[in-house]
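Close look at the chain arrangement
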Amino acid sequence: MGVHGVKAVFFDLDNTLVDTAAAGRRAIEEVLPLAPCLLKVINALQSKHHYGEGEARVICDKVQAKLLKECHDPAKMCITDLRISHWEEAIQETIGGEANRNLAAECYFLWKTTRLQHLTLAEDTRGMLTELRKGVRLLLLTNGDKQTQREKIEACACQPYFDAIVVGGEQKEEKPAPSIFHYCCDLLGVQPAECVMVGDSLDTDIQGGLNAGLKATVWLNKAMTTPVDTSPVPHYIISSVLDLPAVLQKMEHKINAKLGTDHMASSNE
């Protein structure tokens, strides 16, 4: 499909094309029964301190909370060390005693491997991307640590569906900085006013697209519960990434209608 005036669509990765949050939660759920290293330590303490599987659940919940609040500076610490520290702190906060880095590392790598296994690009999303690419160029634009994001991209096997992939951790600035959007435009040989940004984050995807002067921004809001004071304001809101083709068609109709009005005005003159 082709869209007048739109030559490229930029897609966010996490929680837009793939459900990273759900994969992380599922991994946490599976680490609980799959981590004999963790349960072994807890069981060893059970007779003395009355610890049990409930503590394992608390540890996993604490790790999930730390991930949600995570602030990563690659100049200070690699992402692997940071996330092992999440597990180390959660274990120590829950069962006390000395820090156990080896146990934390074992739990982290199990969680990481399990999460990657659950990161998939859905078949209907693959089909949509394939159809879209017949008419416009597609680019994947994701923030985050370069190693972590490249592992996710590899895990969900999304490379064949895009003309280019840009990872924020490999650039000087990440979304919402205009520079990374303009870099993407240069990669595809298009102008900002010819591009559409699709993503789930108002702060990075939508604000970034507005900052860079893109033609349109499309906010993926799965809950479809929009705050009264939503800021920034996206051009379009969808509840599923599969709704994007309809939005592009709507944009095309608006452009055609405007062209028709302009033509009539010119004829009248």
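Residues numbered from 1 in each chain as written. Predicted model: local features only at pLDDT ≥ 70, side-chain atom pairs only at ≥ 80, totals over all residues. Heavy atoms only, no water.

1. Some words on the sheet that holds strand β6 (residues 236-238)
The test is simple: When DSSP finds at least two bridges between two strands, those strands are taken to pair. Helix and strand labels come from DSSP, where a helix needs a run of H or I of at least four residues and a strand needs a run of E of at least two; each type is numbered from the N terminus. Simply put, an axis is a line fit to the C-alpha atoms, just over the touching stretch for a helix, and the angle between two N-to-C directions goes from 0 to 180 degrees. Residue contacts are counted whenever heavy atoms from the two residues lie within 4.5 Å of one another.
If you walk across this open sheet you meet the six strands as β3-β2-β1-β4-β5-β6, and the pairing is parallel. If you trace the sheet from one side to the other, it starts and ends with β3 (164-167) and β6, each paired once. The sheet shows a mean angle of 20° between the axes of neighbouring strands, taken without regard to direction. In this sheet, β3 lies alongside strand β2 (residues 137-142) in parallel orientation, the contact comprising four bridges. In the sheet register, L139 faces β3, and the bridge partner there is A164. Relative to β3, helix α7 (residues 146-156) is tilted by about 145°, and along the sheet it contacts β2 and β3. Across the sheet, helix α8 (residues 178-188) lies against β1 (8-11), β2, β3 and β4 (195-199), angled at about 150° from β2, the strand it touches most.

2. So, the pattern of salt bridges
Counted only if it meets this: Note on definitions: salt bridges are taken to be side-chain nitrogens of Lys or Arg within 4 Å of carboxyl oxygens of Asp or Glu. For each residue, the accessible area found with a 1.4 Å probe, counting protein chains only, is set against the maximum for its type, and the residue is called buried under 20%, exposed over 50%, and partly exposed in between.
Evaluated as defined, the whole model comprises 15 salt bridges. Across the pair D12 and K175 runs a salt bridge, and its minimum N-O distance is 3.0 Å. Of this pair, D12 sits in the loop between β1 and α1 (20-34) while K175 sits in the loop between β3 and α8, and the two are 163 residues apart along the sequence. E93 is the salt-bridge partner of K66, the closest N and O atoms lying 3.1 Å from each other. One end of the pair, K66, is in helix α3 (residues 53-68); the other, E93, is in helix α4 (residues 79-95), and 27 residues separate them in sequence. The class of E93 is partly exposed, set by a relative accessible area of 46%. Through salt bridges with shared partners, one network takes in K62, K66, E89 and E93.

3. Re the state of the cysteines
Let me state the cut-off plainly: Note on disulfides: each one is a pair of cysteine sulfur atoms within 2.5 Å.
Summed over the entire model, instances satisfying the criterion amount to zero disulfides. C195 provides the cysteine sulfur closest to C185, a residue in no disulfide bond, and the two sulfurs are 3.9 Å apart.

4. Re the nonpolar core
To keep it simple, the criterion reads: For our purposes a nonpolar core is just a set of buried Ala, Val, Leu, Ile, Met, Phe, Trp, Tyr and Cys residues, chained together by side-chain atoms within 4.5 Å.
If you look at the biggest cluster of nonpolar residues, it comprises 34 residues, and the most contacted ones within it are V9, F11, F162 and L244. Take this core: its biggest share by element is four residues, from helix α10 (residues 244-268). Once residues within four sequence positions are removed from consideration, L244 is found in contact with V9, F11, M128, L132, V198, V218 and I238. One finds C60, I91, A104 and C107 within the second-largest nonpolar core, a separate group that totals 18 residues.

5. Examining helix α6 (residues 123-132)
Rules: Our arc is simply the arc of the directions from the helix axis toward the C-beta atoms.
Listed in full, the buried residues belonging to α6 are T125, R126, M128, L129 and L132. Projected down its long axis, α6 carries its buried residues within an arc of 160°, all on one side.

6. Looking at the side chain of T125
Positionally, T125 belongs in helix α6. The buried category is assigned to T125, whose relative accessible area is 5%. With residues up to four places along the chain from it excluded, the contact list for T125 reads L17, V241 and L242.

7. Comments concerning unusual backbone geometry
Here K175 and P176 are connected by a cis peptide whose omega angle stands at 15°. When you line up the elements, P176 lands in the loop between β3 and α8. A positive phi is found at N15, a non-glycine position, where the angle reads about 65°. We note that A157 has phi near 50°; this positive angle belongs to a residue other than glycine.

8. Let's talk about the pairing of β4
Threshold: The definition of a right-handed crossover adopted here requires that, viewed with the strands pointing away, the path from the first strand over the helix to the second runs clockwise.
Burial of β4 is extensive: five of the five residues sit out of reach of the surface. Taking every second residue as pointing to the same face, both faces of β4 are buried, with C195, M197 and G199 on one and V196 and V198 on the other. Inspection of the sheet shows β1 paired to β4 by four bridges, in the parallel sense. Of the residues in β4, the one forming a bridge with V9 is V196. Two elements, β4 and strand β5 (residues 216-220), share four bridges in a ladder whose sense is parallel. Pairing of V196 across the sheet is with A216, part of β5. Each parallel crossover has a hand, and for β4 linked through helix α9 (residues 202-211) to β5 it is right-handed.

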